[in-house]
Amino acid sequence: MRYAIRLAQRAEAQGEVPVGAVLVIDGKCVAEGWNTPISDNDPTAHAEIKALRQAGQALENYRLLNSTLYITLEPCVMCMGAISHARVQRIVFGAIDAKRGAVCSALSLTDADFLNHRIEWQGEVLADTCADLLRDFFRARRKR
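Quantities reported herein were computed from a predicted structural model and do not represent experimental measurements.

How each quantity is defined
Residues numbered from 1 in each chain as written. Predicted model: local features only at pLDDT ≥ 70, side-chain atom pairs only at ≥ 80, totals over all residues. Heavy atoms only, no water. Pairing = 2+ DSSP bridges. Helix = DSSP H or I, 4+ residues; strand = E, 2+ residues; numbered from the N terminus. Axes fitted to C-alpha atoms, helices over the stretch in contact; angles between N-to-C directions. Contact = heavy atoms within 4.5 Å. Phe/Tyr/Trp six-rings, centres within 6.5 Å; stacked < 30°, edge-to-face > 60°. Buried < 20%, exposed > 50% of the residue type's maximum accessible area, 1.4 Å probe, protein only. Lys NZ or Arg CZ within 6 Å of the ring centre and 35° of its normal. Core = buried A, V, L, I, M, F, W, Y, C linked by side-chain atoms within 4.5 Å. Parallel < 35°, antiparallel > 145°, perpendicular 65-115°, else oblique. Left-handed = near helix turned anticlockwise from the far one by under 90°. Nonpolar A, V, L, I, M, F, W, Y, C, P; charged D, E, K, R; others polar.

## Overview of the sheet that holds strand β5 (residues 120-122)
If you walk across this open sheet you meet the five strands as β2-β1-β3-β4-β5, and the pairing is mixed. Since the sheet does not close on itself, it has two edges, and those belong to β2 (28-34) and β5, each with one partner. The average undirected angle you get between the axes of adjacent strands in this sheet is 15 degrees. Where strand β4 (residues 90-95) meets β5, three bridges bridge the pair, whose relative direction is parallel. Its bridge partner lying in β5, Val92 is registered against Gln122. Each of β1 (20-25), β2 and β3 (67-73) is contacted by helix α3 (residues 47-59), which is oriented at about 140 degrees to β2, the strand it contacts most.

What follows is the structure in structure tokens.
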């Protein structure tokens, strides 16, 4: 998670919402991503999606079996859909997203009957650090 936080800081340095993601298989970092929707002019360029795309290319497989995705913020609906389609085994996230989170907040897609893949999850890992990063980013943005 600490590496995902460093990636989130990279996003922030680029003027993006500070979210980072790291995909791990067998204890090895296979892929990483950070938010770039603004700089890429791509609404799908969330940290999770970028990490999933990179992992698929690296492994030459769209199925990311036996993987864990570490994310600094609870994933949104779009990202949870992609995580499910990729067959990620487990997600670990930092800050809760009460308004848009699709794991345990606004929605609980890990328990959705219409998905045929169940995703294990753990939330609020280094939550204060992850939440502070987001809070500070938006506070500074509002001041401008």
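## Remarks on the packing of aromatic side chains
Inspection of the entire model under this criterion finds two aromatic pairs. Here the aromatic rings of Phe137 and Phe138 are separated by 5.1 Å at their centres, their planes lie at 80 degrees, and the arrangement is edge-to-face. On the basis of relative accessible area, Phe137 is assigned to the buried category, the value being 4%. A relative accessible area of 31% means that Phe138 is categorised as partly exposed. For the cation-ring pair, Arg10 lies above Trp34, with the distance from its terminal atom to the ring centre recorded as 4.5 Å.

## Observations regarding the nonpolar core
Formed by 38 residues in total, the largest nonpolar core has its most connected members in Leu23, Leu69, Ile83, Val88 and Ile91. The set of elements that each furnish at least two residues to this core consists of α1 (2-13), β1, β2, α3, β3, α4 (77-85), β4 and α5 (127-143). If you tally residues by element for this core, the top one is β1, at five residues.

## Some details on the environment of Val17
Its place among the elements puts Val17 in the loop between α1 and β1. Given the relative accessible area of 22%, Val17 is considered partly exposed. For the pair Val17 and Val30, spaced 13 residues apart in sequence, the C-alpha separation works out to 23 Å. Val17 has contacts with Ala11, Asn35, Leu134, Phe137 and Phe138, leaving out every residue within four places of it along the chain.

## Quick word on the packing of α3 against α4
Helix packing for two helices is described by the angle between their axes and how far apart those axes are. Close contact between α3 and α4 brings their axes to 9 Å; oriented N to C, the two are set at 20 degrees. Here α3 lies roughly parallel to α4, going by the angle between them. When the axes of α3 and α4 are compared, the crossing they make is left-handed. Here Glu48, Ile49 and Leu52 of α3 come into contact with α4, specifically with Met78, Cys79, Ala82 and Ile83. Tallied by class, the residues present in the contact of α3 with α4 amount to six nonpolar, no polar and one charged.

Function-wise, these values are silent; they only describe arrangement.
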